[in-house]
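So you can see what is in the structure, the chains are spelled out below.
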Amino acid sequence: MGLVFGSLCLGTNSQAAEPVEQYEDARSEAFRAYLADFRKEKRIPSLSAVVVKDGEILFEAYLGYQDHDAEEPTTDRTSYLVASITKTFTAATLLGMDQDGHIDLDADFTTLSDWPGRCEWLAGSGIIFGGGTLDDGRPVESVDCETSFTLRDVLQHRVQAMPGTGFFYNPVVFGRLSNWAEENTDKSWRDWMRRYVIEPGGLDSIAAGWRDAEGVEALTHLAPPFRHDSDRGDRPVPSPLPNPELNASSGIIASARDLADYSIAVDNGSIMKPELREAMWTPPINADGTPSPHAHGWFVQNWEGHRLVWHGGWWPDAYAGLLLKAPDDDLALILLSNGDNLRADIDTLTKAEIHKAPMVAKFLELFLTSDN
């Protein structure tokens, strides 16, 4: 893509380079056109996208309609269930609670009162998070209900088989972190998340679950979910609202603009000090000596010399989204939709390879590498 933009950023002997503003307009225009085509191809009813650069909104697009009758266009206030992007909020909350002495991340998670029964259910459930075999034949060790592991192990998704030795994404166990926090403190999980993330970040438009009376704006602008009906030519049709309750794994309801504000607040120190933020994004080392693809509530990877930290969100037949940051480049991408065709078919159970998602590849091409 560098050649496409060459006339804008390099110039020739006879023609000076175009102003930076024009260059920004050109790549933003290219990304907007790509998003519009992608939305139509994937039949996504409502798609919101924001790019943040150096603490400011560089690009935003609100495409399609949020309702079945195509009467309510997507706007900058259109909100969505962001699903597992909530886990990044959980990481900031728990790290802050640990730093202030409200909890100890190295405490025993398995002291949770209902853990024995839930672990027994999970191990015998037949779902992959309780153990089994992946589609490619790789075995997944079960969660050992006789073994203790820490809150940090859960936060880093290191609870299968020998806890603390390797990564396997386990949202079921992760979701119980909020129950442990409530059981061992004097406040609700919503109170803790508001104290450590929403209030210091000035994120008044975000709802921490559908019972959050202080998140009225997000609740009143919620785009209803859609699924694709193969019997009707893969047309999007209304879908039941997935679980909107708040827990450690999911429940945040927000617009793309809200998540942009959240990303900026993470960067500028409003939510946590830089050293705690870096600890949040520092992955543990696996038993084989390699860094884990996941740190504390965030996937982490190096792509062509750029550090990427990110988390996706997915409610099947309902919502999909992504919060991606290139922190050393002061760049972020937020994508949210009220259909799940935004989700890319990549392995997020054992790897961090978000660059393989088509929309991310286009974003990286336009906004992170086009200057090179």
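The coordinates are above.
What counts and how
Residues numbered from 1 in each chain as written. Predicted model: local features only at pLDDT ≥ 70, side-chain atom pairs only at ≥ 80, totals over all residues. Heavy atoms only, no water. Patch = residues over 30% accessible without salt bridge, like charges linked within 9 Å, V, L, I, M, F, W, Y side chains within 5 Å. Areas by Shrake-Rupley, 256 points an atom, 1.4 Å probe, with all protein chains shown as cover. Salt bridge = Lys/Arg side-chain N within 4 Å of Asp/Glu carboxyl O. Lys, Arg positive; Asp, Glu negative; His and termini not counted. Charge placed at Lys NZ, Arg CZ, Asp CG, Glu CD. Helix = DSSP H or I, 4+ residues; strand = E, 2+ residues; numbered from the N terminus. Buried < 20%, exposed > 50% of the residue type's maximum accessible area, 1.4 Å probe, protein only. Pairing = 2+ DSSP bridges. Axes fitted to C-alpha atoms, helices over the stretch in contact; angles between N-to-C directions. Contact = heavy atoms within 4.5 Å.

**Side note on a positive patch on the surface**
Part 1 of the reasoning: A grouping of Arg-43, Arg-227, Arg-232 and Arg-235 is seen on the molecular surface, where their side chains present a positively charged patch.
Part 2 of the reasoning: Within the secondary structure, Arg-227 is located in strand β7 (residues 226–229).
Part 3 of the reasoning: Given the relative accessible area of 30%, Arg-227 is considered partly exposed.

**A look at the sheet that holds strand β3 (residues 79–81)**
Part 1 of the reasoning: With antiparallel pairing, the three strands of this open sheet are ordered in space as β3-β9-β6. The open sheet has two edge strands, β3 and β6 (207–208), and neither has a second partner.
Part 2 of the reasoning: In this sheet, strand β9 (residues 252–255) lies alongside β6 in antiparallel orientation, the contact comprising two bridges. Counted as the bridge partner of Ala-207 is Ile-253 from β9.

**Points about the sheet that holds strand β10 (residues 299–303)**
Part 1 of the reasoning: Spatially, the six strands line up as an open sheet ordered β2-β1-β13-β12-β11-β10, and their pairing is antiparallel. The open sheet is flanked by β2 (56–64) and β10, the only strands paired with a single partner. The sheet shows a mean angle of 15° between the axes of neighbouring strands, direction not considered.
Part 2 of the reasoning: Relative to strand β13 (residues 331–337), strand β12 (residues 319–326) is paired through seven bridges, and the arrangement is antiparallel. Counterpart to Ala-320 in the pairing with β13 is Ser-337.
Part 3 of the reasoning: Sitting on the sheet, helix α12 (residues 358–368) is in contact with β1 (46–53), β2, β10, β11 (306–315), β12 and β13, with an inclination near 150° to β13.

**Considerations on unusual backbone geometry**
Trans peptide bonds make up most of the peptide bonds, and negative phi angles are found at most residues other than glycine.
Part 1 of the reasoning: The phi torsion at Glu-304 lies on the positive side, around 50°, for a residue other than glycine.
Part 2 of the reasoning: Summarising the element assignment, Glu-304 is placed in the loop between β10 and β11.
Part 3 of the reasoning: By relative accessible area, Glu-304 is classed as exposed at 60%.
Part 4 of the reasoning: Phi at Asp-330 is positive, roughly 55°, even though this residue is not glycine.
Part 5 of the reasoning: Within the secondary structure, Asp-330 is located in the loop between β12 and β13.
Part 6 of the reasoning: Judged by its relative accessible area of 40%, Asp-330 falls in the partly exposed class.

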